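# Residue-level structural notes
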Amino acid sequence: MALKETKQEEIHVLMVTLPAQGHINPMLRLGKRLLDKGVHVSLATTLFGGHRMLKASSITSITGPNFISGIPILFFSDGISLDYDRSGNLNYYMETLAKTGPVNLSNLIKDYYHDTGKKLSCIINNPFVPWVIDAALENQIPCAMHWIQPCSLYAIYYRFYNKLNQFPTLENPDISVELPGLPLLQTQDLPSFVLPSNPFGCFTKMFSDIFQNMKRYKWVLANSFLELEKEAIESMAELCPIRPVGPLVPPSLLGKEHQSDVVDAGISMWKADKASLEWLNNQLPASVIYPTNAKLIVDVFKVGLRLNPSHPDGENVFVKEELEKCITEILCGPKSEELKKNALKLKQAAHEAVSSGGSSDRNIQLFVDEISGN
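Report on the accompanying structure. Residue numbers here run from 1 along each chain, matching the order of that chain's written sequence. It should be noted that, the model being predicted, local features are given only for residues of pLDDT at least 70 and side-chain atom pairs only at 80 or more, the latter also being counted only at that level, while totals for whole chains, interfaces and linings use all residues. Think of the side-chain values as coming from all heavy atoms in the structure, minus any hydrogens and water.

### A word on the pairing of strand E7 (residues 219-222)
- Three exposure classes are used, based on accessible area relative to the maximum for each residue type with a 1.4 Å probe and protein chains only: buried under 20%, partly exposed in between, and exposed over 50%. Helix numbers and strand numbers start at the N terminus; a helix is a DSSP run of H or I with at least 4 residues, a strand a run of E with at least 2. Of the two faces of E7, the one lined by Trp219 and Leu221 and the one lined by Val220 and Ala222 are each fully buried.
- Two strands qualify as a pair provided DSSP detects at least 2 bridges between them. Looking at chain direction, strand E6 (residues 143-147) and E7 are connected through 4 bridges and run parallel. For Met145, the partnering residue across the bridge sits in E7 and is Val220.
- Relative to strand E8 (residues 243-244), E7 is paired through 2 bridges, and the arrangement is parallel. Each residue of the ladder has a partner; that of Leu221, found in E8, is Arg243.
- Handedness of a crossover is defined as follows: with both strands directed away from the viewer, a clockwise route from the first strand across the helix to the second makes it right-handed. In this fold, the crossover linking E7 to E8 by way of helix H8 (residues 230-235) has right-handed handedness.

Shown next as structure tokens:
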């Protein structure tokens, strides 16, 4: 009797993502945090992703059981042959996946969960596989979205696709955008998906459908932390709340590199370039620079500088002199010490957020309590 009761109390969560390293790794790290809370976690991605992992030696088989940091990895077909050029035909790939994905994922859920007596408490997907929620609701399973970009971008997209604020148009492409919880944004500060010149056709409808139907999700879990984006997070509280549960990054970035019991849950989808890694490892500490999300990094977090484009038509093309100037200023210029000091403050805040009792740790515990019915 006791064993039966214990089995009924198990919490099972399935995470679903595209087979891209920047999508899989945050999911795995979120899964590891849930695993530490006693949740049974699995991750599902496409068979194509499985073959890529196999080539990179991240897994040993696509037919037998595979575990990454204690998380079972499951695969489903994306409906396209393995030798098809997905990146070169992105629109077709995303459309086909949206048609075949719900059926194939539902079959996986039936095979892995229903037929084994396990009960799924929640499915977690990221925005680039929005059809997952259709499979979740069809199987009467609540769904959470894992937002892998900054909360500030979530706020921008939600307001844009729900027409809550004024954004650039073809007739008026250079207006300033003023949004609650964010600094004043110029056209160059906005993500491509909200610009009239948006080149990513397949994502326009997808993002529009997502953000006009966000109420279908019970939770939105962000790869960020409260202390980093407090104003942007609070600005969404009355519209469509987002809970930060990150940063979901390698432990070494949070100052845990000397703790032998801390292992990163991330994987590599490609074999590492040993020559580049050897060169990087031979450099002095704080002598190599990586910046994205320029507006936030420069004006909000104050941990970097923005490159100024030098192309006569205003395109984002940079000359080597501009790059050299910014690198020199960051490493040893007048702002160097201030930038390093601000970065160290954020590193410490991030470490505290994911530590026991921190803001992100509390949000993960709250999520676990809710999906378990506590």
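### Structural notes on the nonpolar core
- Grouped together as the largest cluster of nonpolar side chains are 60 residues, with contacts concentrated most on Leu14, Ile123, Trp147, Phe207, Phe211 and Met214.
- Ranked by residues supplied to this core, first place goes to helix H6 (residues 151-161) with 8 residues.
- Other than its neighbours up to four places away in sequence, Leu14 contacts Ser42, Leu43, Ala44, Leu74, Leu105, Leu108, Ile109, Tyr113, Leu120, Cys122, Ile123 and Ile124.
- Ile11, Val13, Ile73 and Phe75 belong to the second-largest nonpolar core, a separate cluster that totals 31 residues. What makes a nonpolar core is a set of buried Ala, Val, Leu, Ile, Met, Phe, Trp, Tyr and Cys residues whose side-chain atoms join them at distances within 4.5 Å. Residue contacts are counted whenever heavy atoms from the two residues lie within 4.5 Å of one another.

### Section: the environment of Ala136
- Note on placement: Ala136 falls in helix H5 (residues 132-138).
- Residue classification places Ala136 among the buried residues on the basis of a relative accessible area of 0%.
- Put simply, Ala136 and Cys122 are 14 residues apart on the chain and 8.2 Å apart in space, counted from C-alpha to C-alpha.
- With residues near it in sequence (within four places) discarded, Ala136 still touches Ile123, Ile141 and Cys143.

Function cannot be read off these values alone, since they describe shape.
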